[in-house]
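If you want the building blocks of each chain, they are given just below.
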Amino acid sequence: MATVIPSVGDPTRGPAATPVAFIRAIVAAYRRYGINPANALREAQIPPAALDDPAARVTAAQMEIMSAVAMQELDDEALGWFSRRLPWGSYGMLCRASITAPELGVALKRWCRHHRLLTDDILLQLGDDGAIATLRIEVRRYLGDMHEFCLVTLLRYVLGYACWAVDSRIPLLAASFPFPAPPHKNVYPLLFQGPVHFDTDQAEIRFDAQYLRLPLRRDEAALQQMLRRALPLTVLQYRRDRLLVQRVRHLLRERLDEGATAETLAERLHLSPRTLHRQLDDEGASLQELKDEARRERAVELLNRTSRPIKQIAQAVGFTNEKSFSRAFRQWTGESPSAFRERAVATTDPGSRSDM
């Protein structure tokens, strides 16, 4: 993405998680164009000797500076991936072409379509079956030693832009890559939070298709500001999830009889319990309120539609005993479960009830 060389203080401060293999890929691009990478390495404060250490890591700030300097010095925002340069501003053009879309799905389709104007070495495709969205990359030209760096970075480019455009974290159902797990595979869950798979047919990320229906929250002024520091979007996870409340409701409906806790829900959502509570609070909700809502809805459904004993219904909605369930149900509705059922029976066709 188009950017300027960032001013980030001491770039070596902070956790060093980015594998030096990605820096080596940028250095390979310099060699391809016959340009010395010394200035970029110096600006990023990366000692040349680190390139020979497979276990070496750099910080996100070092990666950002190295990439930004390289894009300008090479005049190639693709950093040597493709058979032709992508001149300075190419990915900014894709952002501008997408920013006026009414919703994320339209924006990503535009991004994929316009990317074909830049190169036909790879093909970006967006699939949507109504439930799951899939953004995949079809490789049409051998990428050589750029293979991993290109696929990883392109998917992070699009994911980072998508999250920024709708102002929401987009949790991944899976990220897949068509190469063996590299020695630095432990960095992948940081870049793609969710299940990561290697040795697959194509590079792709999958996520809930509901995110495609979210309206874009950005305008041209916000885009101009973002493009000044676009590269962090490719390495940093977006925090806020605008569909988090909806996702928690869905998980609670699935797991009520298991006594869903903040820990078990956070694990399913790839968050820490503390982050889960904080993000729900940001959305004006709380886990206890959502849990009570899900329990109440399920209990009312079972009382209305089945003849199951109150004790079984209590267990089905996550209570350890009938007494605590009855107390909670009275707080929710103003009456006991048995009184609620009696009233429902009086106004419902008995033939519509079951023991299920």
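Keep in mind that what you see is a predicted model, and the values were worked out from it rather than measured.

### Describing the overall build of the chain
Move 1: Looking only at helices and strands, the chain has 15 helices and seven strands in total.
Move 2: Taking all 356 residues of the chain together, 52% fall into the buried category.
Move 3: Taking all contacts inside the chain whose residues are at least 6 apart in sequence as the whole, residues at least 24 apart take part in 68%.

### Focus: the nonpolar core
Move 1: Of all hydrophobic cores here, the largest spans 86 residues; its most connected members are Ile23, Trp81, Phe177 and Phe192.
Move 2: Residue contacts for Trp81: discarding those within four places in its chain leaves Arg32, Tyr91, Arg141, Leu143, Met146, Phe149, Cys150, Thr153, Leu154 and Tyr157.
Move 3: Core analysis: the next-biggest nonpolar cluster, separate from the first, contains 18 residues, Val245, Ala266, Ala285 and Leu290 among them.

### Notes on the side chain of Glu148
Move 1: Mapping Glu148 onto the fold places it in helix H6 (residues 147-166).
Move 2: It turns out Glu148 is buried and unbridged, and the closest side chain with the opposite charge, Arg24, is 7.7 Å from it.
Move 3: Contact partners of Glu148, with chain neighbours within four places excluded, come to Phe22, Phe179, Pro182, His184 and Tyr188.

### Describing the pattern of salt bridges
Move 1: Counting across every chain of the model gives nine salt bridges.
Move 2: Among the ionic pairs, Arg96 bridges to Glu220, the shortest N-O distance being 3.7 Å. Of this pair, Arg96 sits in helix H4 (residues 90-98) while Glu220 sits in helix H8 (residues 220-228), placing them 124 residues apart in sequence.
Move 3: Given the relative accessible area of 36%, Arg96 is considered partly exposed.

### Considerations on helix H5 (residues 104-118)
Turn by turn, an α-helix covers 3.6 residues, leaving residues three or four places apart pointing in a common direction.
Move 1: For H5, built from 15 residues, the straight-helix expectation of 21 Å at 1.5 Å per residue is met to within 8% by its first-to-last C-alpha distance of 21 Å.
Move 2: Buried within H5 are the following residues: Leu104, Gly105, Ala107, Leu108, Trp111, Cys112, His115 and Leu118. Considered in projection along H5, the buried side chains sweep an arc of 160° and stay on one side of the axis. Residues Lys109, Arg116 and Leu117 are exposed on H5 and point more than 90 degrees away from its buried face.
Move 3: For H5, the elements touching its buried residues are H4, strand S3 (122-128), strand S4 (132-139), H6 and strand S7 (203-208).

### Regarding the sheet that holds strand S6 (residues 196-197)
Move 1: Across the sheet, five strands lie side by side as S3-S4-S7-S5-S6; this open sheet has mixed pairing. Whereas interior strands pair on both sides, the edge strands pair on one side only; in this sheet they are S3 and S6.
Move 2: In this structure, S3 lies alongside S4, joined through seven bridges in antiparallel fashion. When the bridges of S4 are listed, Ile122 appears paired with Val139.
Move 3: The sheet strands contacting H5 are S3, S4 and S7, and the helix crosses S3 at an angle near 160°.
Move 4: Taken strand by strand, H6 contacts S3, S4, strand S5 (172-176) and S7, and its axis lies near 145° from that of S4.

### Details of the environment of Gly80
Move 1: Relative to the helices and strands, Gly80 is located in the loop between helix H3 (60-74) and H4.
Move 2: Between the C-alpha atom of Gly80 and that of Ala29, which follows or precedes it by 51 residues, the distance is 4.7 Å.
Move 3: Beyond its immediate chain neighbours, meaning those up to four positions away, Gly80 contacts Ala29, Arg32, Tyr33 and Met146.

### Remarks on the environment of Gln224
Move 1: Looking at where Gln224 falls in the secondary structure, it is placed in helix H8.
Move 2: Polar side-chain contacts of Gln224 include one of 2.9 Å to the side chain of Glu220.

### A short note on the packing of aromatic side chains
Geometrically, a pair of aromatic rings is defined through the distance of the ring centres and the angle of the planes.
Move 1: Using the criterion set out here, one finds 20 aromatic pairs in the structure.
Move 2: For the pair Tyr188 and Phe198, a centre-to-centre distance of 5.1 Å together with 80° between the ring planes defines the contact as edge-to-face. Of this pair, Tyr188 sits in helix H7 (residues 188-191) while Phe198 sits in the loop between S6 and S7, placing them ten residues apart in sequence.
Move 3: Taking relative accessible area as the criterion, Tyr188 reaches 0% and is therefore assigned buried.
Move 4: Of the aromatic side chains, those joined through ring pairs into one cluster are Phe22, Trp81, Phe82, Tyr91, Trp111, Phe149, Tyr157, Tyr161 and Trp164.
Move 5: Against the face of Tyr33 rests Arg85, its NZ or CZ located 3.9 Å from the ring centre.

Reading the values: the criteria
Sequence order as written defines the numbering, with residues in each chain counted from 1. Per-residue local features of the predicted model are confined to residues with pLDDT of at least 70, and side-chain atom pairs are confined, for both listing and counting, to 80 or more; whole-chain, interface and lining totals are unaffected and use all residues. Side-chain descriptors were evaluated using all non-hydrogen atoms of the structure, hydrogens and water having been removed beforehand. Working definition: helices are DSSP H or I runs of at least four residues, strands are E runs of at least two. Numbering for both runs from the N terminus. Residue exposure (1.4 Å probe, protein chains only): buried if accessible area is under 20% of the type maximum, exposed if over 50%, otherwise partly exposed. Residues count as neighbours in contact if any of their non-hydrogen atoms are within 4.5 Å of one another. In these notes, a set of buried Ala, Val, Leu, Ile, Met, Phe, Trp, Tyr and Cys residues joined through side-chain atoms within 4.5 Å is what counts as a nonpolar core. Neither His nor the chain ends contribute to the count of charged residues, in which Lys and Arg are positive and Asp and Glu negative. Salt bridge, as used here: a side-chain nitrogen of Lys or Arg that lies within 4 Å of a carboxyl oxygen of Asp or Glu. Multiplying one less than the number of residues by 1.5 Å gives the expected span of a helix. Arc, as used here, means the arc of the directions from the helix axis to the C-beta atoms. At least two DSSP bridges between two strands are needed for those strands to be called paired. Inter-axis angles, ranging from 0 to 180 degrees, are taken between N-to-C directions of lines fitted to C-alpha atoms, where helices are fitted over the stretch in contact. Any pair of N or O atoms that falls within 3.5 Å is considered a polar contact. Within protein, one atom must be able to donate a hydrogen and the other to accept it, and sequence-neighbouring residues count only if both atoms are side-chain atoms. Put simply, two rings from Phe, Tyr or Trp (the six-membered ring, in Trp's case) pair if the centres are within 6.5 Å, and we call them stacked under 30 degrees between planes, edge-to-face over 60, tilted for the rest. A ring is scored as having a charge over it whenever the NZ atom of a lysine or the CZ atom of an arginine sits within 6 Å of its centre and within 35 degrees of its normal.

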